[in-house]
Structures are given as structure tokens and as C-alpha cells.
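Structure at a glance
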Amino acid sequence: HYLMTVMRCTAGDTILCFDGVHGEWLAQVEPEGKRSCAPVCMEQTRQQPTQTMRVSMLFAPLKPKRMAQLVEKATELGVTELQPVLTSRTAVRHVNTAKVSV
């Protein structure tokens with residue numbers, strides 16, 4: 001859906017695909033019926049870099065719903081360690097570490 005309607009790709013177009021694990025691949029868009037298509041990987045263009053740096057993030061504890069979003073976005077950005085910090089203005093004083101383990 002995304003390739004055809006948003007990116008306006010057609011059969012035979014080439015795109016670059018990546019998943020954060022196997023690196024970047026050159027792919028060709030192939031039709032899979034009248035209204036769908038799928039990328040077919042042809043060759044790898046870049047290896048997935050190994051993570052050499054550990055990234056820590058300090059944060060004031062948040063309410064559970066916001067905490068889940070913070071954890072999700074931090075991991076998407078490559079944060080390897082989350083450390084709650086209590087400040088004089090922190091509203092939430094307890095963090096349930098079982099719910100936020102990454």
C-alpha cells in the first residue's frame with residue numbers, strides 16, 4: 001500500500017530498503033496483483049554498522065502511558081540505557097522497572 005499510494009512506485013522501480021539488522025539493500029518493485037506490490041531484494045549496498053557507542057538517556061519519570069512512548073522512541077533512536085532521575089519538580093516518584101524493561 002505504502003509503496004504504491006504514498007511513494008507512487010510502479011513495477012520495475014528500484015528502491016533502497018533497510019531493517020536495522022541486515023543492512024541496506026537495493027530492491028526492485030514487483031507487482032503482486034492488481035493493487036499490490038512488493039520489493040524484491042537484488043543486492044546488498046551497505047552492511048549494518050555495529051554499534052560501537054553506548055548511549056544513555058536520563059529522564060524524569062513520567063506517567064505510564066507517556067513512559068511507554070518515551071521508551072519506544074528512545075529505543076528507535078538507539079538508546080542503550082534508560083536511567084530515571086528524580087528532580088525537585090518530578091511529579092511521578094516511582095518507576096515500575098518491570099514495565100519499562102527494554
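What this report covers is the structure whose coordinates are included nearby. Everything numeric here is computed off the predicted structure, so don't read it as measured data.

Moving on, we come to the overall build of the chain. From N to C terminus, the chain includes 3 helices and 5 strands. N-terminal to C-terminal, the α/β element order of the chain is α-β-β-β-β-α-β-α. At 20 Å, the chain has a C-alpha radius of gyration far larger than the 13 Å of a compact globule built from 102 residues. In terms of principal-axis extent, the alpha carbons of the chain reach across some 60 × 30 × 20 Å. Across the 102 residues that make up the chain, the buried fraction comes to 21%. Here the analysis covers contacts within the chain between residues at least 6 apart in sequence; of these, 36% occur between residues at least 24 apart. Per element, the accessible surface of the chain, about 8,300 Å² overall, is 55% carbon and sulfur. Side chains of the chain carry 12 positive and 9 negative charges; the gap between the two charge centres is 19 Å.

Now for the nonpolar core. In this structure, Leu3, Cys9, Ile15, Cys17, Ala27, Val29 and Cys37 together form the largest nonpolar core, which totals 7 residues. At the level of secondary structure, the elements contributing two or more residues to this core comprise β1 (14–18) and β2 (24–31).

Our next topic: the state of the cysteines. Taken as a whole and assessed by the stated rule, the structure comprises 0 disulfides. Distance from the sulfur of cysteine 37, which forms no disulfide, to the nearest cysteine sulfur (cysteine 9) is 6.8 Å. In this structure cysteine 37 comes out as buried when scored by relative accessible area, which is 16%. Looking at the unpaired cysteine 41, the closest cysteine sulfur is the one in cysteine 17, lying at 5.5 Å. Classification of cysteine 41 by relative accessible area gives partly exposed; the value is 48%.

Among the surface-exposed residues, Tyr2, Val6 and Met7 lie close enough to one another that they form a single nonpolar patch of about 320 Å² accessible area. Residue position: methionine 7 is located in the loop between α1 (2–6) and β1. Taking relative accessible area as the criterion, methionine 7 reaches 46% and is therefore assigned partly exposed.

Turning our attention to the sheet that holds β2. Backbone hydrogen bonds hold the strands of a sheet together, and the pairing may be parallel or antiparallel. Taking strand neighbours across the sheet as the criterion, the 3 strands line up as β1-β2-β3 in an open arrangement whose pairing is antiparallel. Looking along the sheet, the strands with just one partner apiece sit at the ends: β1 and β3 (37–46). The mean angle between the axes of side-by-side strands here comes to 40°, regardless of whether they run parallel or antiparallel.

Conventions adopted
Residues numbered from 1 in each chain as written. Predicted model: local features only at pLDDT ≥ 70, side-chain atom pairs only at ≥ 80, totals over all residues. Heavy atoms only, no water. Helix = DSSP H or I, 4+ residues; strand = E, 2+ residues; numbered from the N terminus. Rg over C-alpha atoms; globule rule 2.2 N^0.38 Å. Buried < 20%, exposed > 50% of the residue type's maximum accessible area, 1.4 Å probe, protein only. Contact = heavy atoms within 4.5 Å. Areas by Shrake-Rupley, 256 points an atom, 1.4 Å probe, with all protein chains shown as cover. Lys, Arg positive; Asp, Glu negative; His and termini not counted. Charge placed at Lys NZ, Arg CZ, Asp CG, Glu CD. Core = buried A, V, L, I, M, F, W, Y, C linked by side-chain atoms within 4.5 Å. Disulfide = S-S within 2.5 Å. Patch = residues over 30% accessible without salt bridge, like charges linked within 9 Å, V, L, I, M, F, W, Y side chains within 5 Å. Salt bridge = Lys/Arg side-chain N within 4 Å of Asp/Glu carboxyl O. Pairing = 2+ DSSP bridges. Axes fitted to C-alpha atoms, helices over the stretch in contact; angles between N-to-C directions.

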